[in-house]
Amino acid sequence: MSHPVVFYDDDCGFCRWSASRLRVWDRRGALTFSPIQGSEGDRHLGDLDPDRRYASWHIVRDGRVWSSGAALTEVLRHLPGGTRLSAFTSAFPDLTERAYRLVARHRGTLGHALGQRACSVDPGASPTRT
């Protein structure tokens with residue numbers, strides 16, 4: 001099994017903040033974190049349509065890609081104490097996806113509230129953006 005890589009939008013303050021908090025939670029170092037915009041993003045996510053690539057975060061493991069709410073379930077599986085949360089998000093995928101989209105739609109406001117630079121991607125620009 002390859003080391004899972006979490007891809008986040010480095011141009012989004014809330015996304016950077018979230019990745020930073022997940023790194024702290026991941027005290028065993030089970031996950032690798034990489035910006036979507038980097039060479040790792042190109043290598044692992046280059047086949048995705050750009051709108052889909054930048055519409056959410058992703059986790060890639062063994063060539064498989066999970067995005068949006070499904071990525072949350074997969075990320076939680078690898079974090080200490082995350083197994084039960086992962087089971088919950090897996091049991092309620094529609095709820096998890098809706099919650100993810102709600103947070104993503106407000107990531108600029110959330111990032112600002114956390115003292116982060118605003119997201120350069122307008123989450124309301126198109127229906128495919130989350």
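What you see is a predicted model; the values in this text were computed from it and never measured.

**Q** Is there a simple way to think about a nonpolar patch on the surface in this case?
**A** A grouping of F88, F92 and L95 is seen on the molecular surface, where their side chains present a nonpolar patch of about 290 Å² in accessible area. For L95, the position within the fold is in helix α6 (residues 93-105).

**Q** Is there a simple way to think about the nonpolar core in this case?
**A** Soluble globular proteins tend to bury their nonpolar side chains together. With 18 residues, the main nonpolar core has V6, L31, F33, W57, I59 and V75 as its most contacted residues. When contributions to this core are tallied by element, the ones reaching two or more residues are β1 (5-8), α1 (13-25), α4 (68-77) and α6. It is α1 that provides the largest number of residues to this core, a total of four residues. For W57, the contacting residues outside a window of four places in its chain are V6, F7, L22, W66, S67, S68, A71, L72, V75 and Y100. In terms of nonpolar packing, the next biggest core, distinct from the first, is built from six residues, F7, I36, L45 and L48 among them.

**Q** I'm lost on the sheet that holds strand β2 (residues 32-35) in this one. Help?
**A** Picture the strands of a sheet paired through backbone hydrogen bonds; they go either parallel or antiparallel. The strand order across the open sheet formed by four strands is β2-β1-β3-β4, and the pairing between neighbours is mixed. Because the sheet does not close on itself, it has two edges, and the strands there are β2 and β4 (64-67). Geometrically, the sheet is characterised by an average inter-axis angle of 25° between neighbouring strands, direction not taken into account. Summarising the sheet, strand β3 (residues 58-61) and β4 pair through four bridges and their orientation is antiparallel. For I59, the partnering residue across the bridge sits in β4 and is W66. Its contacts with the sheet put α1 on β1 and β2, and the angle it makes with β1 is roughly 155°. Across the sheet, α4 lies against β1, β3 and β4, angled at about 115° from β4, the strand it touches most.

**Q** So what exactly am I meant to see when it comes to the packing of α4 against α6 here?
**A** When two helices pack together, their arrangement is captured by the angle between the axes and the distance separating the axes. Between α4 and α6, the least distance of the axes is 7 Å, while the angle of their chain directions is 110°. If you check the angle between α4 and α6, you find them roughly perpendicular. Residues S68, G69, A70, L72 and T73 of α4 touch α6, and the partners they reach there are T96, E97 and Y100. The class makeup of the residues in the contact of α4 with α6 is three nonpolar, four polar and one charged.

**Q** Can you help me understand the environment of L31 in this one?
**A** For L31, the location among the structural elements is in the loop between α1 and β2. Among residues more than four places away in sequence, those in contact with L31 are H3, P4, V6, D26, I59, V75, H78 and L79.

**Q** Looking at this structure, how should I read the pairing of β1?
**A** Each regular strand shows side chains that alternate between the opposite faces of the sheet. Here β1 shows no split at all, with V5 and F7 on one side and V6 and Y8 on the other all buried. Direction of pairing for β1 relative to β2: parallel, over a ladder of four bridges. If you follow F7 over to β2, its bridge partner there is S34. In this view, the connection linking β1 to its parallel neighbour β2 by way of α1 has right-handed handedness. Judged from the three bridges that link them, β1 and β3 form a sheet pairing that is antiparallel. Counted as the bridge partner of V6 is I59 from β3.

Cut-offs and rules
- Residues numbered from 1 in each chain as written.
- Predicted model: local features only at pLDDT ≥ 70, side-chain atom pairs only at ≥ 80, totals over all residues.
- Heavy atoms only, no water.
- Patch = residues over 30% accessible without salt bridge, like charges linked within 9 Å, V, L, I, M, F, W, Y side chains within 5 Å.
- Areas by Shrake-Rupley, 256 points an atom, 1.4 Å probe, with all protein chains shown as cover.
- Salt bridge = Lys/Arg side-chain N within 4 Å of Asp/Glu carboxyl O.
- Helix = DSSP H or I, 4+ residues; strand = E, 2+ residues; numbered from the N terminus.
- Core = buried A, V, L, I, M, F, W, Y, C linked by side-chain atoms within 4.5 Å.
- Buried < 20%, exposed > 50% of the residue type's maximum accessible area, 1.4 Å probe, protein only.
- Contact = heavy atoms within 4.5 Å.
- Pairing = 2+ DSSP bridges.
- Axes fitted to C-alpha atoms, helices over the stretch in contact; angles between N-to-C directions.
- Parallel < 35°, antiparallel > 145°, perpendicular 65-115°, else oblique.
- Nonpolar A, V, L, I, M, F, W, Y, C, P; charged D, E, K, R; others polar.
- Right-handed = clockwise from strand over helix to strand, strands pointing away.

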